[in-house]
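Next come the chains, spelled out residue by residue.
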Amino acid sequence: MTATLERPVSTETSVLDDARAQLAQAVGVLGLSPDVHAMLAEPRREVSVSIPLRRDDGSVEVLRGYRVQHNYSRGPGKGGVRFDARVDLDEVRALAMWMTWKCALLDVPYGGAKGGVRVDPRGYSTAELERITRRYTSEIAPLIGPNQDIPAPDVGTDEQTMAWMMDTYSVGRGHTVLGVVTGKPISVGGSQGRAGSTSRGVVAVAVEALRHVGIDPEGATAAVQGFGKVGRGAARFLAREGVRVLAVSDVNGAVHHPDGLDVEALEAHVDATGSVVGFPGGTPVESDEVLTADVDLIVPAAVEGVIHAGNAARVRARVVAEGANGPVTTAADEVLAANGVLVVPDILANAGGVVVSYFEWVQANQSYWWSEAEVDERLVERMIRAWNDVLAYATDNQLSLRLAATCMAVERVYRAHEVRGLYP
Ligand code: NAD
């Protein structure tokens, strides 16, 4: 039996250090001036709010929440809301900066933002989570809106959270504002295909990356860390592509099968029990083994900093597709590159969610909805185009995929700054 896993520690740097180091590298490659670097490194706006919560037993607990808008030169802020016990301002700042680059890279007309509440949702009832969400939303309401900043789900939040956010915001406005959040349930203006969109995008580029390193996806092997909104869908879409998923983990433990797990049966087990642990179609393994399994592809789809200087040398996969944001630290990036492991960076690999969020916002603003097939086709087309563009840029300039993607994105944001000029 595996023990409950705490967050794997990235000892060398914080997630904000990693985000800033990536920007500094891109600024160096692009030859941008120190003033431009300084502007891009700082969030444009950030708010820290107190969230008094009346618990079901009548007591009051005060939680802390944040919303950071890193940049909105190319359009309204866009980024998820995370409910997690480890949320802090620096983490939200890093995630907001990555959203700026992700939106620019995929050429959706948004800037970057992120939000979070420091709370472990597992310790709260549904009614308490609703009160937390509504109070958080009303505290950040002056900053958000379909033309200002559009939240979406992230770790620990889901479409129900988005429905509560949309309702709270709409009640404050006196009319329904569908475009204020994305990742909503279909019944209140959500898009077909949004739920699986991040995973679908991860798998679309992971398959391209496997082919690029000479591995046929059909019959290739993979391991997935995290079995939430991103990891679970990634396992499902990988299996549909003929990739054998040998190992998966969640926060409670991991399971492995040498011939490949039956992903459909595993999903049924998770629906019934809430965890991959105890799945009869596999054997329990240590959670960390998922990252060092003897497979062609790993998809870290849980939290930041899980592949770090301490374990990067033991990664045996040829390709790492970053389902999570920031799962590979800066130090680990160097080790993986030296060992010939191709890392498909988060701002490219997991951008499918924001692409379909954009589609959802477009549909909500026009009150005209597309079919699932239309959404899927447009999503995959954009992901493959971005993959090809990043690969070409990396090859032409002799850069890693991460640095190439960051350079392309930073340059687009810089161009928007340049043409808009500095006010006043
Ligand atoms: P989620 O809350 O739905 O799922 C997280 C999963 O990770 C859960 O299965 C949890 O048990 C597991 N987990 C947590 N800590 C773990 C650990 N130490 N080891 C193994 N498993 C662990 O969250 P999500 O929405 O799937 O997000 C996962 C990652 O993907 C985050 O980095 C998030 O920012 C990123 N992301 C999400 C989306 C999206 O559309 N949801 C889009 C882009 C990026």
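Before any of the text, the structure's been laid out above.
Read on for an overview of the structure. All values reported here derive from a predicted model rather than from experimental measurement.

## Focus: helix H11 (residues 352-366)
- The end-to-end C-alpha distance of H11 is 21 Å, a good match for the 21 Å that 15 residues give at a rise of 1.5 Å each.
- Counting buried positions along H11 yields 13 of 15 residues, so the element is predominantly enclosed.
- Downstream of H11 by a residue or two, Ser 367 has a phi angle that is positive, lying close to 50°.

## Brief notes about the sheet that holds strand E9 (residues 283-285)
- In spatial order, the strands read E9-E8-E7-E6-E10-E11-E12; together these seven strands make up an open sheet with mixed pairing. Lying at the two open borders of the sheet, with one neighbouring strand each, are E9 and strand E12 (342-344). Each adjacent strand pair in this sheet contributes to an overall mean axis angle of 20°, direction not counted.
- Judged from the five bridges that link them, strand E6 (residues 221-225) and strand E7 (residues 244-250) form a sheet pairing that is parallel. What sits directly across from Gln 225, in E7, is Ser 249.

## Examining the pairing of strand E10 (residues 297-300)
- Burial along E10 is two-sided: the face carrying Leu 297 and Val 299 and the face carrying Ile 298 and Pro 300 are both buried.
- Where E6 lies against E10, four bridges are found, and the strand directions are parallel. Each bridged residue has a counterpart across the sheet, and for Ala 223 the counterpart in E10 is Ile 298.
- The pairing of E10 with strand E11 (residues 319-321) spans two bridges and is parallel. Bridge pairing in E11 links Leu 297 to Val 319.

## Digging into the sheet that holds strand E5 (residues 149-153)
- Spatially, the five strands line up as an open sheet ordered E1-E2-E4-E3-E5, and their pairing is mixed. The sheet is open, and its two edges are formed by strand E1 (45-54) and E5, each paired on a single side. Pairs of neighbouring strands in the sheet enclose a mean axial angle of 20°, with direction left out of account.
- With six bridges joining them, strand E2 (residues 60-71) and strand E4 (residues 112-118) adopt antiparallel strand pairing. Directly across from Arg 67, in E4, lies its bridge partner Gly 115.

Cut-offs applied
- Residues numbered from 1 in each chain as written.
- Predicted model: local features only at pLDDT ≥ 70, side-chain atom pairs only at ≥ 80, totals over all residues.
- Heavy atoms only, no water.
- Helix = DSSP H or I, 4+ residues; strand = E, 2+ residues; numbered from the N terminus.
- Expected span 1.5 Å × (residues − 1).
- Buried < 20%, exposed > 50% of the residue type's maximum accessible area, 1.4 Å probe, protein only.
- Pairing = 2+ DSSP bridges.
- Axes fitted to C-alpha atoms, helices over the stretch in contact; angles between N-to-C directions.

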